[in-house]
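Reading the structure
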Amino acid sequence: MTEVRRVRRGRPRDEERAARRREEILSAATRLFAQRGFPVMDVQELADEVGVGKGTVYRYFPTKRDLFLAAVDRGMRQLTERIDAVLVGEADPVEQMCAATQAYLRFFHDNADMVELLIQERAECRDREKPTYFLYQEQNRQRWAGIVQGLIAAGRVRDMPVEGVFEVIGDLLYGTMFTNYFARRNLPPEQQAASIIDIAFRGILTDEERAYRYGRPSEGRSR
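Residues numbered from 1 in each chain as written. Predicted model: local features only at pLDDT ≥ 70, side-chain atom pairs only at ≥ 80, totals over all residues. Heavy atoms only, no water.

**Quick look at the overall build of the chain**
Along the chain, the regular secondary structure elements total 10 helices and 0 strands. Ordered by position from the N terminus, the helices and strands of the chain form the series α-α-α-α-α-α-α-α-α-α. For 223 residues, the compact-globule formula gives about 17 Å, and the C-alpha radius of gyration of the chain, at 24 Å, lies well above that figure. When its C-alpha atoms are laid out on the principal axes, the chain stretches across 110 × 45 × 30 Å. Taken across its 223 residues, the chain has 36% of its residues classed as buried. Summarising the internal contacts of the chain: among those between residues at least 6 apart in sequence, 65% fall at separations of at least 24. Per element, the accessible surface of the chain, about 14,600 Å² overall, is 49% carbon and sulfur. Separation of charge centres in the chain, based on 36 positive and 35 negative side chains, amounts to 5 Å. (Helix = DSSP H or I, 4+ residues; strand = E, 2+ residues; numbered from the N terminus. Rg over C-alpha atoms; globule rule 2.2 N^0.38 Å. Buried < 20%, exposed > 50% of the residue type's maximum accessible area, 1.4 Å probe, protein only. Contact = heavy atoms within 4.5 Å. Areas by Shrake-Rupley, 256 points an atom, 1.4 Å probe, with all protein chains shown as cover. Lys, Arg positive; Asp, Glu negative; His and termini not counted. Charge placed at Lys NZ, Arg CZ, Asp CG, Glu CD.)

**Quick look at the nonpolar core**
Counting residues in hydrophobic clusters, the biggest one holds 50 residues, and the most contacted among them are L46, L67, Y104, F108 and L118. Those elements that provide at least two residues to this core are α1 (15-36), α2 (43-50), α4 (64-88), α5 (93-110), α6 (112-124), α7 (132-153), α8 (162-182) and α9 (189-202). Core analysis: the second largest hydrophobic core is formed by 5 residues, V148, I152, V162 and V165 among them. (Core = buried A, V, L, I, M, F, W, Y, C linked by side-chain atoms within 4.5 Å.)

**Structural notes on the pattern of salt bridges**
Scanning all chains against the criterion turns up 17 salt bridges. Put simply, R20 and E16 hold a salt bridge, and the shortest N to O gap is 3.4 Å. Of this pair, R20 and E16 both sit in helix α1, 4 residues apart, which is roughly one turn of the helix. Judged by relative accessible area, R20 falls into the partly exposed class, the value being 44%. What makes E16 exposed here is its relative accessible area of 57%. Across the pair R141 and E167 runs a salt bridge, and its minimum N-O distance is 3.0 Å. One end of the pair, R141, is in helix α7; the other, E167, is in helix α8, with 26 residues separating them in the sequence. For E167, a relative accessible area of 31% corresponds to the partly exposed category. A network of salt bridges, in which partner residues are shared, links K130, E138, R141, E163 and E167. (Salt bridge = Lys/Arg side-chain N within 4 Å of Asp/Glu carboxyl O.)

**Quick notes on the packing of α1 against α6**
Each packed pair of helices is defined by two parameters, the angle between the axes and the distance between the axes. Where α1 contacts α6, the two axes come as close as 9 Å, and the packing angle between them is 65°. Considering only the axes of α1 and α6, their crossing is left-handed. Of the residues in α6, those touching α1 at T30, R31, F33 and A34 are D113, E116, L117 and Q120. Here the residues of the contact of α1 with α6 sort into 3 nonpolar, 2 polar and 3 charged. (Axes fitted to C-alpha atoms, helices over the stretch in contact; angles between N-to-C directions. Left-handed = near helix turned anticlockwise from the far one by under 90°. Nonpolar A, V, L, I, M, F, W, Y, C, P; charged D, E, K, R; others polar.)

**Brief notes about the packing of aromatic side chains**
Counted under the stated rule, the structure contains 12 aromatic pairs. Ring centres of F33 and F68 lie 5.1 Å apart, and the angle between their planes is 85°; this geometry places the pair in the edge-to-face category. Separated by 35 residues along the polypeptide, F33 in helix α1 and F68 in helix α4 bring together distant segments of the chain. Given the relative accessible area of 0%, F33 is considered buried. (Phe/Tyr/Trp six-rings, centres within 6.5 Å; stacked < 30°, edge-to-face > 60°.)

Here's what the structure looks like:
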């Protein structure tokens, strides 16, 4: 008689449940890393707060560094998703730039812990070739370059190096985000976005001064 061997199969992994658990861990980790700092944050405290064993955390993230970088990546992914969502409702490229500026500032206004994690990443992960923030910026560079090129071709933006536009506006937003955090500035993001857009799009010089510096001086104007 042939023996029939029964193979016991483990319970199929519930991918949706695993994704929820991973999100719970990263959400708590983001807050605890921001509050405690990378060197002090205790994985056991995180596990207790989420309601899982410490081993469960390490099954998802083998090291504390992996956990930290995953939390940073999650935040940048959320920022990208937030900006993508507001762009869906805007067909005009200029309005897309305005909406993205406002969404960017609103995200960091509402997620100050994420700013703290970006700071810690620079201190704790100096061996990385590029910080997570700039990796995501590179991923979005082509899309925004295409938008600016289209505006130049349409005669809505003056003919100038596209990279210059991307770098200046990107640096302006990056600096504003950190200044808000360090100076504990709590201005409404919509107000800040309006100021940045006004200065970036219109400049600070009067029409007369622009004509004098970059074109033909207005009649009667002398130095």
